[in-house]
Amino acid sequence: MSRVFNFGAGPATIPLEVLEEAQKHLVDYHGEGMSIMEASHRSKMYDDVHNEALSLMRELYEIPADYDILLLQGGASTQFAMVPMNLSLGGKAEYADTGSWSSKAIKEAKIQGIDFETIASSKESSHNHIPADINFSDDADYAYITSNNTIYGTQYQTFPSTKAPLVVDASSDIFSYPVDWSKVDLMFAGAQKNAGPSGVTIVIIKKELLTRAKDNVPSMLRYSTHADADSLYNTPPTFGIYILSLIMKWIKGKGGIEALQKLNEEKAAILYDAIDNSDGFYVGHATKDSRSLMNVSFNIKDKDADLEAKLIKLATESGMIGLKGHRSIGGLRASIYNAMSKEGIQALVELMNKFAKENR
Ligand SMILES: *Cc1c(COP(=O)(O)O)cnc(C)c1O
């Protein structure tokens, strides 16, 4: 069997150990005579998986007791609407616009008809940085940020301190560093970048926010519905939650989230060093103070699209896929989530160095 190094942005690479473990138990789950996919979501067999996913998340991510963890569907994009539906009190909500995903969240606030304001934006510089000193109003209904901008390769180095509840879209960097929960009131993420397959959406919410939703918010779109039912109000995405539980075990085996953060720093440094030491052949999109440890977006000098295509083709031929940059900025993007190995990054850097030498 030969596995590629998958640098795709999402759905993204999953640790081989996790896939093999799932494969081993796919047809006959630990002697149950059926797959976990076929089990009732009300069965003991599934319940154990569900609870293990939740308890390992709480343990590894150090989620305080006054937060609920919800396992939902609809992707991060549904959260763009659920956040204003559930958190707006009729006052003003404030957003920081640091890329396409923030813009989409703002669009949904608009559709909900709530009062909102974009109080900081990096749009004028094609989202190449996180604006400094973002100041959310103390009395905002909530303050909204995107912790990691998957397309542009920028990431908050620290979260802003707010009096208003801070909402964080962490779809592309959840579980990649320890979180200071004293700053965060609601965090959400689609699982398919850093936490498993698509189909599961993780919401970590401070309990005191659960009572805000107005009466006309549909049951399925109310956080309290899922909190009250331990995320078993309706059929949850059981197989995805199973894989999520295996990923949590994998993280634990790696030494936890702090250990992963260290590894992520080392991994990203290998790639950023290659860019910085290329004598301008490679040009990173993000300013240095805003660089993401998860998505590294870069161009070849003068945005040479022919050379960029040539490098992407060469990489593909060498078993490194998913490197084409998002159409909005072109170039290349290496997504190096928790599950991307150091070996994968070293292989990419080796190719990049050789390519630069030959095409300078
Ligand atoms: C991928 C992504 C989304 C969209 O996720 P879906 O689950 O496809 O809706 C939202 N925000 C960020 C930061 C992302 O990276």
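What about unusual backbone geometry?
For the bond from Gly 10 to Pro 11, the omega torsion is -10 degrees, close enough to zero to count as cis. Relative to the elements of secondary structure, Pro 11 occurs in the loop between β1 (5-6) and α1 (16-24). For Asp 230, which is not a glycine, the phi torsion comes out positive at approximately 55 degrees. Locating Asp 230 in the fold gives a position in the loop between α5 (223-228) and α6 (238-253).

Re the domain arrangement of the chain
The domain architecture assigned to the chain consists of domain 1 (17-253) and domain 2 (256-358). Just the C-alpha atoms count here: the centres of domain 1 and domain 2 sit 27 Å apart. Contact residues are listed per partner, giving 27 residues for domain 1 and 25 residues for domain 2. Here domain 1 meets domain 2 over a buried area of about 2100 Å², counting both sides, of which 55% is carbon and sulfur.

What to know about the site of the ligand
Taken together, 13 residues lie around the ligand, and Ser 77, Thr 150, Asp 169, Gln 192 and Lys 193 are the ones closest in. Per-element tally for the shell around the ligand: the top contributor is helix α3 (residues 75-87), with four residues. Counted by class, the shell around the ligand contains three nonpolar, eight polar and two charged residues.

Focus: the pattern of salt bridges
Side-chain pairs of opposite charge can arise where the charged atoms are in close proximity. Inspection of the entire model under this criterion finds eleven salt bridges. Of the charged contacts, one joins Lys 163 and Asp 138 as a salt bridge, the two residues approaching to 3.9 Å between their closest N and O atoms. One end of the pair, Lys 163, is in the loop between β7 (154-155) and β8 (166-169); the other, Asp 138, is in the loop between β4 (115-121) and β5 (142-146), with 25 residues separating them in the sequence. As a salt-bridge pair, Lys 354 and Glu 358 come within 3.6 Å of each other at their nearest N and O atoms. Separated by four residues within a single helix, Lys 354 and Glu 358 lie in helix α9 (residues 342-359), roughly one turn from each other. Owing to a relative accessible area of 53%, Glu 358 belongs among the exposed residues under this scheme. Residues joined by salt bridges that share partners form a network here, namely Lys 262, Glu 266 and Lys 342.

Quick look at the pairing of strand β14 (residues 332-335)
Because side chains alternate across β14, one face comprises the buried residues Leu 332 and Ala 334, and the other comprises Arg 333 and Ser 335, equally buried. Across four bridges, strand β12 (residues 295-300) lies against β14 in antiparallel orientation. Looking at the pairing, Asn 295 lines up with Ser 335 of β14.

Observations regarding empty space enclosed by the protein
Under the defined criterion, the tally for this structure stands at one cavity of 30 Å³ or more. Looking at the largest cavity, its volume works out to about 60 Å³. What lines the largest cavity is a set of 14 residues, among which Thr 13, Asn 194, Ala 195, Ile 247 and Ala 339 lie closest to the centre. A domain split of the lining of the largest cavity shows at least three residues from each of domain 1 (17-253) and domain 2 (256-358).

Let's talk about the pairing of strand β3 (residues 92-97)
Successive residues of a regular strand alternate their side chains across the two faces of the sheet. Across the six residues of β3, five count as buried, placing the element largely inside the fold. Direction of pairing for β3 relative to β4: parallel, over a ladder of six bridges. Across the sheet, residue Asp 97 finds its bridge partner in β4, namely Ser 121. You can see the chain leave β3, run along helix α4 (residues 100-112) and come back into β4, and the turn it takes is right-handed. Pairing of β3 with β5 involves three bridges; the strand directions are parallel. Bridge pairing in β5 places Glu 94 opposite Ala 143.

Quick notes on α6
Between the first and last C-alpha of α6 there are 23 Å, a value that for 16 residues agrees with the 22 Å anticipated at 1.5 Å per step. Counting buried positions along α6 yields twelve of 16 residues, so the element is predominantly enclosed. Here α6 has its buried residues at Thr 238, Gly 240, Ile 241, Tyr 242, Ile 243, Leu 244, Ser 245, Leu 246, Ile 247, Met 248, Trp 250 and Ile 251. On its buried face, α6 is in contact with α1, α2 (44-60), β2 (67-72), β10 (201-206) and α7 (257-276).

Reading the values: the criteria
- Residues numbered from 1 in each chain as written.
- Predicted model: local features only at pLDDT ≥ 70, side-chain atom pairs only at ≥ 80, totals over all residues.
- Heavy atoms only, no water.
- Helix = DSSP H or I, 4+ residues; strand = E, 2+ residues; numbered from the N terminus.
- Domains from an automatic or database assignment.
- Contact = heavy atoms within 4.5 Å.
- Buried area = accessible area lost by both parts, 1.4 Å probe.
- Near = heavy atom within 4 Å.
- Nonpolar A, V, L, I, M, F, W, Y, C, P; charged D, E, K, R; others polar.
- Salt bridge = Lys/Arg side-chain N within 4 Å of Asp/Glu carboxyl O.
- Buried < 20%, exposed > 50% of the residue type's maximum accessible area, 1.4 Å probe, protein only.
- Pairing = 2+ DSSP bridges.
- 1 Å grid on protein atoms, 1.4 Å probe; cavity = no way out; pocket = protein on both sides within 12 Å on 5 of 7 lines; lining within 4 Å.
- Points joined across faces, edges and corners; volume = space filled by probe spheres on them.
- Right-handed = clockwise from strand over helix to strand, strands pointing away.
- Expected span 1.5 Å × (residues − 1).

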